[in-house]
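Coordinate inspection notes
Listed below, chain by chain, are the residues.
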Amino acid sequence: MRQIRTLVVGLGQMGQSHALAYHRNEGFEIIGLVNRTAVSLPAELRGYPMLDGFDAGLAEKPDLVSVNTYTDSHADYAVAAMEAGAHVFVEKPLAPSIDEAERVVATARRTGRKLIVGYILRHHPSYAEFIRRARELGSPLVMRMNLNQQSSGAAWEIHKRLMQSTSPVVDCGFTTST
């Protein structure tokens with residue numbers, strides 16, 4: 001089986017989580033890691049090349065680019081990766097605006113590249129059950145979800161930086177139809 005040559009961009013909490021998943025899956029070969037600042041990596045990831053930026057990563061000709069950066073770079077990175085011939089996994093949200101998201105989707109269609117947005121909530125058993133029960137109620141339907149994620153210390157600093165480019169609503173926001 002040919003391994004999928006994978007570039008991981010963004011090595012914060014989600015990026016490291018995805019990189020570890022690629023590392024542990026024999027179907028993937030991590031060809032490089034990219035982060036805008038120095039980062040402490042778990043032992044399993046320290047043997048992979050730290051590349052000097054996104055363009056250096058694309059120069060390695062990945063089959064897949066995993067975009068785990070702040071939202072304001074998602075669209076540009078996804079488009080550039082697909083234009084370079086790679087498939088793309090991008091953390092949610094796809095883009096900071098509808099116009100930018102439409103640009104990414106249009107690029108995927110034009111290039112024939114696969115585009116996957118990392119939004120696992122819809123696959124979570126409790127969420128699926130919530131949607132199933134909600135659909136039994138009929139239309140019209142308005143739902144509100146509240147996530148009380150605690151944040152302190154280093155996590156609070158991360159979340160403050162994240163909120164500079166992403167609304168906290170994005171983590172739980174969803175739509176449903178009946």
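Description of the structure in this document. Bear in mind that the values here come from a model prediction, so they are computed numbers and not experimental data.

What about the pairing of strand 2 (residues 28–34)?
- Of all seven residues in strand 2, five are buried, a share of seventy percent or more.
- By the bridge criterion, six bridges tie strand 1 (residues 4–9) to strand 2 in an arrangement that is parallel. The partner of Leu 7 across the bridge, within strand 2, is Gly 32.
- Once you follow strand 1 into helix 1 (residues 13–24) and on to strand 2, the crossover reads as right-handed.

Quick notes on the pattern of salt bridges
- Scanning all chains against the criterion turns up eight salt bridges.
- For Glu 44, the salt bridge identified is with Arg 24, shortest N-O distance 3.2 Å. Of the two residues, Glu 44 sits in the loop between strand 2 and helix 2 (54–59) while Arg 24 sits in helix 1, which places them 20 residues apart along the sequence.
- Under the relative-accessibility criterion, Glu 44 is labelled partly exposed at 34%.
- Measuring nitrogen to oxygen at the nearest pair gives 2.7 Å for the salt bridge that ties Arg 103 to Glu 100. Of this pair, Arg 103 and Glu 100 are both found in helix 4 (residues 98–111), three residues apart, which corresponds to roughly one turn of the helix.
- On the basis of relative accessible area, Arg 103 is assigned to the partly exposed category, the value being 30%.
- Look at the salt bridges and you will find they share partners, linking Glu 129, Arg 132, Arg 133 and Glu 136 into a network.

So, the packing of helix 3 (residues 71–83) against helix 4
- The geometry of helix 3 relative to helix 4 is characterised by a closest axis approach of 9 Å and an angle of 10° between their N-to-C directions. Between helix 3 and helix 4, the angle falls in the class roughly parallel. Side by side, helix 3 and helix 4 meet where Ala 75, Asp 76, Ala 78, Val 79, Met 82 and Glu 83 of the first sit next to Glu 100, Arg 103, Val 104, Thr 107, Ala 108, Arg 110 and Thr 111 of the second.
- For the contact of helix 3 with helix 4, the per-class residue count stands at six nonpolar, two polar and five charged.

Parameters and conventions
- Residues numbered from 1 in each chain as written.
- Predicted model: local features only at pLDDT ≥ 70, side-chain atom pairs only at ≥ 80, totals over all residues.
- Heavy atoms only, no water.
- Buried < 20%, exposed > 50% of the residue type's maximum accessible area, 1.4 Å probe, protein only.
- Helix = DSSP H or I, 4+ residues; strand = E, 2+ residues; numbered from the N terminus.
- Pairing = 2+ DSSP bridges.
- Right-handed = clockwise from strand over helix to strand, strands pointing away.
- Salt bridge = Lys/Arg side-chain N within 4 Å of Asp/Glu carboxyl O.
- Axes fitted to C-alpha atoms, helices over the stretch in contact; angles between N-to-C directions.
- Parallel < 35°, antiparallel > 145°, perpendicular 65-115°, else oblique.
- Contact = heavy atoms within 4.5 Å.
- Nonpolar A, V, L, I, M, F, W, Y, C, P; charged D, E, K, R; others polar.

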